[in-house]
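Here is what each chain is made of, one letter per residue.
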Amino acid sequence: MIPAIRGTHDILPAEVERWQRVESVSRRLFERYGYAEVRTPIIEREELFAKGTGETTDIVQKEMYAFTDKGGERITLRPEATPSLVRAFVEHNLEQAMATAKLYLFGPMFRYERPQKGRYRQFHQLDVEVFGVSDPAVDAEVIDLAWALVTELGIPGPELVINSVGCPVCRPAFGEALVASLGSDVSRLCADCQRRAATNPLRIFDCKVPEDQALIDALPHSVDYLCEACRVHFASVERHLDMYGIPYRVSHRLVRGLDYYTRTTFEIMGGNLGAQNAILGGGRYDGLVKRLGGPDRVGIGFAAGIERLVLAMPADQERRDRLPLFVAAMGEAARESALALLRDLRRAGLEAHMEYEGRSIKSQMKRADRLHAAYALILGDEELAVDAVAVKNMATGEQIRAPRAGIIDHCRALAAGWRE
Ligand code: HAM
């Protein structure tokens, strides 16, 4: 056997209904908030992420699946969707094509990380982005959408954390304050942090090395170094969240691991996920569109890890709106009528199963149980004689006889009642 690559995983039938539920709930939600779906290629030019995600990020420095293709071009399997969506926004001038450029995307992402529960090398994100609106009301709207997603999926114990990382006006002073505050202690930090202190001091907050944490916790807070415009913006985001009644905590450590963020950053944790408990994360990136060759447009968005949503969701929600029916046939004569009934049920939009191998009625009922059938529709010589179908409720064992002519309507009514 040739096994799957480490850090990748198959999504098997037992799990796929949960994925479909995440996709359908989020799709409905995104459309309600006015987002349109975009699908971009999985491969992009390496420089899109070097420039977009940022040269000083762990993603670009350590985690990219990058290679030279047969034409000599440097290609990357996308590690995140934001630079791709910015590229599409610019390349297709979506600003002209759409009233407000509000986009969403589902798809696989690739990062060469150390695999563990909730962390994979190929994982899947759902991602939303809004371009061209700087009003703090849109920051709050995007956070509200993220919150609605997590609550509609029933994820227990969600916690929203927010921060503001300032802008190119106030960030340099904050970086200097970090370095000054560390002073000679910088040599006690890990090698990565020492490098970060020299290249991009904000990245020190991404450090996971346990010995470094006490020093990092004592560092200055970005919200205390915001310029007037950023301070007013952040206060307004908080006011809007209060107005929506969304609970949140401000954490000075939430700088997020990507270089493009300006002003608002946020994450939602929860769902008893253990170490990898960030279900989703995002923020504002006001200089990115221009940096990637587009017009000077602001942007904000977030991405959720679909694996993490699926892990954090409560069990068995996904079966709610299915009504599997099982058609059973006793005897050769009944088999043909049963096949016709099976086809009619499916044509009528109902989920129906049958056992083809001509086993005993007992083993057919066992199969119905394994399929979690709600009802079995049984046809035997007796039923054929009176042009009827026996309808057995698999949960209660109760059985009635219904006329064959009205059986489709009867099953439709059962399905409608099931969904209520
Ligand atoms: P990110 O925080 O790198 O942000 O990833 C977003 C989410 O993707 C995480 O919260 C997590 O749920 C999931 N995720 C990340 N890495 C892995 C992994 N190795 N395995 C499983 N799940 C993972 C971004 O990607 C930004 N593009 C978000 C954004 C959109 N900011 C603005 N717009």
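A few points on the structure. (Residues numbered from 1 in each chain as written. Predicted model: local features only at pLDDT ≥ 70, side-chain atom pairs only at ≥ 80, totals over all residues. Heavy atoms only, no water.)

**Digging into the environment of L280**
Part 1: You can see L280 is positioned in strand β10 (residues 278–284).
Part 2: Counting along the chain gives 13 residues from L280 to E267, while the straight-line C-alpha distance between them is 5.6 Å.
Part 3: Those residues within four positions of L280 in sequence are excluded, and the remaining contacts are A146, V150, F266, E267, I268, F302, A303 and A304. (Helix = DSSP H or I, 4+ residues; strand = E, 2+ residues; numbered from the N terminus. Contact = heavy atoms within 4.5 Å.)

**Side note on the site of the ligand**
Part 1: Taken together, 27 residues are adjacent to the ligand, and E80, T82, E113, R256 and Y261 come closest.
Part 2: Between the ligand and the protein, one listed contact pairs an oxygen atom with a backbone N or O atom of A278 at 3.0 Å.
Part 3: The contact in question runs from a nitrogen atom of the ligand to an N or O atom on the backbone of G301, over 3.4 Å.
Part 4: Coverage of the ligand by the protein chains reaches 95% of its 660 Å² of free accessible surface.
Part 5: Those elements that provide at least two residues to the shell around the ligand are β6 (122–131), β10 and β11 (299–305).
Part 6: With six residues, the single largest contributor to the shell around the ligand is β10. (Near = heavy atom within 4 Å. Polar contact = N/O pair within 3.5 Å; in protein donor to acceptor, adjacent residues only side chain to side chain. Areas by Shrake-Rupley, 256 points an atom, 1.4 Å probe, with all protein chains shown as cover.)

**Overview of the sheet that holds strand β13 (residues 352–354)**
Each strand in a sheet pairs with its neighbour through backbone hydrogen bonds, running either in the same direction (parallel) or in the opposite one (antiparallel).
Part 1: An order of β13-β12-β14-β15-β16 is seen for the five strands of this open sheet, with the pairing classed as mixed. Every interior strand has two partners, whereas the edge strands, β13 and β16 (399–403), have only one. Averaged over neighbouring strand pairs, the angle between their axes works out to 30° when direction is ignored.
Part 2: Both strand β12 (residues 325–329) and strand β14 (residues 375–379) contribute to a ladder of five bridges, which runs parallel. Across the sheet, the residue bridging to L325 is Y375, located in β14.
Part 3: Where helix α13 (residues 332–347) meets the sheet, its contacts fall on β12, β13, β14 and β15 (388–393), and the angle it forms with β13 comes to roughly 155°.
Part 4: Together, β12 and β14 form the strand contacts of helix α14 (residues 361–370), whose direction differs from that of β12 by roughly 170°. (Pairing = 2+ DSSP bridges. Axes fitted to C-alpha atoms, helices over the stretch in contact; angles between N-to-C directions.)

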